[in-house]
Amino acid sequence: MSADDGPEVHLEIGHVLFMDVVGYSKLLLDEQRELQQQLTRIVRNTEQVRAAEAAGKLIRVPTGDGMALVFFNSPEAPVQCATEVSEALKNQPVIQLRMGIHSGPVNEVRDVNDRTNVAGAGINIAQRVMDCGDAGHILLSKRAAEDLAQSRKWQPYLHDLGECAVKHNVPIFVVNFYNDEVGNPDLPQKFKQAQEEKAPAFGASRPAPILRRWSVWIGAGVLLIAAFVLGIWFHSRNETASGLDAEFRSKLAESLKAKLGAEIRSSLVESLEGKAATSPPEKSIAVLPFENLSHDPDNAYFADGIQDEILTRLAKVADLKVISHTSTQRFKSAPEDLRQIAKQLGVMNILEGSVQKSADQVRVNVQLINAPTDAHLWAETYDRKLTDIFRIESEIAKTIAETLQAKLTGSERNAIAAQPTQNTEAHQLYLKGRYLWNRRTGKNLKKALVYFQQAAEKDPSYALAYAGIADAYSVMPSYSAGWPQECLPRARAAAQRALELDDMLAEAHASLALVLSCYLELAASTKEFERAIELNPNYATAHHWYARTNLLMAGQFDRAIAEMKRAVELDPVSSIIHAELGGVYMVARRYDEAIEQLHNTIEMDPEFYWAHRFLGLTLELKGATTEAIAEYHKAFEVSDDPVVLAFLAH
């Protein structure tokens, strides 16, 4: 590289541990220097740092009162390092550290003199997470905690704290890591202060909203008690005639409108009508992540794959509403509050289970639960050969459909019973690829592609392997993992090959449709999207891509919004789908709805780049330039995307 070429930039996902010495600025210079030397010795002596330095997978970034460690090998590395440092500091009580951990993009910049500097959202957010804590705290961002929670051994030590306001008053979700040996279990001062600020003052002249509401309810007397009893009855019974219940609730609401005062109507009547409108369909289900009971934690991909394949088989039944894999992944198996999860996902039923794989044997435990009543509808344990895994998945999907009384067409029965490959090794490789593909980062997509390609080599007639290749190439440019001119032709060829082998794969039709839309072959693309949705009505990604490409380009804004809302319904906690619904509103010039949708997305995921970017664009188009600039700044802080700098310059 010549001097005229400028600095060379490498972007990777870094797993960052940011450490800060509490009270550092109050020390004398000699004390500061000695403390820094002690801290450096402790850090360099940790097993994680030694291993990462030996492999060339670590960058140390000294700061004024601490340091940042950027690991590239594993999301567990910064937590393991933090625990080792904490253990060592028991013998050095004079050093009081607070620590923050986050996984995110890190820019490694080498200048013309081959000096290395690092920056990026990964480091910035790790520092802000750390700033939410006190001495002894090991705090994690939501993203880092979710990565860590994939391993059962870490789950007992992760304790949600909620949102913490950081720089520019941006909220981030923080998790406290501690056990009996390390960490600080106390609530950080920032959170205590936030609670105190929210608490009502003693003797306030105006009653708190909840107290005002109860004072009105007490005045309603017997009529309100009757409504309360009816509400409990609606909530607890197993509703088998939801249409009749909705009609009855509607009539009750009309009756109450005539008898209750205006302030009561604003609470009770709206609650009754809202429940009738939003009650999920009886034939709706979410398949939660399966617990990996294998002795080898590396078998997590297998448990994840079984869950995904059961979900995919169910999703092909048009009479069922099936929630996307993306939305279910953030919940653990066998959670404590099934009702709340079902409510958040908009379903009546939950499937949870576990997988244990050993050599050529596999055990799958499943149980189907009606979430509102906590009633167990069905449970089964399968002990089979590994080669029977597709048969197990088919039996589970078929039994669930029958239990929920879903109507099955002949083609849907065939789709549920399909065995995509006879090659066990190819299937294992495919599951590893899909596991990584679902964890969308540039690095994971590249690894996923290799596994999909290896699966296709093991079984050249394995259509799903080619669909995986197409899926990987289709989204790689969006994650800076490849150039469109290189990825799109390969995605097209892989999707076409998958469809030559099996024309019933919705994923392959959707991937081909996306590629065709990039080539502006809109008629052919639309045909492929509609075929994908026909084959798998519950495939949220097909609805999502169809809305934001073909329908928007055709100016069919109402249809685009309807398709995107369907995608949100099927994938209700997907940040990208929520953000792009806001983007569709924006293109349709429905700016107020776009702003509301994007604010809701940011509330759900404060660190999500696309939501801030779309919100900035919408505010700018509406003429709110100052607010738009603030959102562009937030977007750049989260992602360091140079495109946002162009928006700021504009």
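What counts, and where the lines are drawn
Residues numbered from 1 in each chain as written. Predicted model: local features only at pLDDT ≥ 70, side-chain atom pairs only at ≥ 80, totals over all residues. Heavy atoms only, no water. Core = buried A, V, L, I, M, F, W, Y, C linked by side-chain atoms within 4.5 Å. Buried < 20%, exposed > 50% of the residue type's maximum accessible area, 1.4 Å probe, protein only. Helix = DSSP H or I, 4+ residues; strand = E, 2+ residues; numbered from the N terminus. Axes fitted to C-alpha atoms, helices over the stretch in contact; angles between N-to-C directions. Parallel < 35°, antiparallel > 145°, perpendicular 65-115°, else oblique. Left-handed = near helix turned anticlockwise from the far one by under 90°. Contact = heavy atoms within 4.5 Å. Nonpolar A, V, L, I, M, F, W, Y, C, P; charged D, E, K, R; others polar. Disulfide = S-S within 2.5 Å. pLDDT = per-residue confidence, 0-100.

### Some remarks on the nonpolar core
- Judged by nonpolar contacts, the single largest core of 120 residues is most densely connected at F290, F302, L314, L351, V364, I396 and I400.
- Considering every element that reaches this core, the biggest residue donor is helix α18 (residues 463–475), with ten residues.
- With 34 residues, the next largest nonpolar core counts L58, M67, I95 and I138 among its residues.

### Thoughts on the packing of helix α22 (residues 540–553) against helix α23 (residues 557–570)
- Where α22 meets α23, the closest approach of the two axes is 8 Å, and the angle between their N-to-C directions is 160 degrees. With respect to α23, the element α22 is oriented roughly antiparallel. Handedness of the crossing formed by α22 with α23: left-handed. Between α22 and α23, the contacting residues are A540, H543, H544, Y546, A547, R548, L551 and L552 on the first element and F557, R559, A560, E563, M564, R566, A567 and L570 on the second.
- Of the residues belonging to the contact of α22 with α23, the class tally is ten nonpolar, two polar and four charged.

### As for the state of the cysteines
- Evaluated as defined, the whole model comprises one disulfide.
- In this model C132 forms its disulfide with C164; the gap between the sulfur atoms is 2.3 Å. When the S-S torsion is -105 degrees, as for the bridge of C132 with C164, the disulfide is left-handed. You can see C132 sitting in the loop between α4 (121–131) and β6 (138–141) and its partner C164 sitting in strand β7 (residues 158–165), a full 32 residues away along the chain.
- C132 sits in the buried class, given a relative accessible area of 1%.
- Overall, the relative accessible area of 4% leaves C164 in the buried class.

### Observations regarding the confidence of the model for the protein chain
- On average, residues of the protein chain score 80 in pLDDT, and 80% of them reach the 70 mark or higher.
- Across residues 109–116, where pLDDT falls below 50, the model places 13 contacts with residues more than four positions away in sequence or in other chains.
- A low-confidence stretch, residues 199–249 stays under pLDDT 50, and its non-local contacts, those more than four residues away or across chains, total 40 contacts.

### Details of the side chain of N536
- Tracing the sequence through the fold places N536 in the loop between α21 (522–535) and α22.
- Owing to a relative accessible area of 2%, N536 belongs among the buried residues under this scheme.
- With sequence-adjacent residues up to four places away left out, N536 is seen in contact with A315, K316 and A506.

### Looking at the packing of helix α24 (residues 575–587) against helix α26 (residues 609–622)
- Between α24 and α26, whose axes approach to 9 Å, the crossing angle comes to 15 degrees. In terms of their interaxial angle, α24 and α26 are classed as roughly parallel. For the pair α24 and α26, the sense of crossing is left-handed. Contacts between α24 and α26 pair I576, A579, E580, G583 and M586 from the former with W610, A611, F614, L617, T618 and L621 from the latter.
- Class assignment of the residues belonging to the contact of α24 with α26 gives a composition of eight nonpolar, two polar and one charged.

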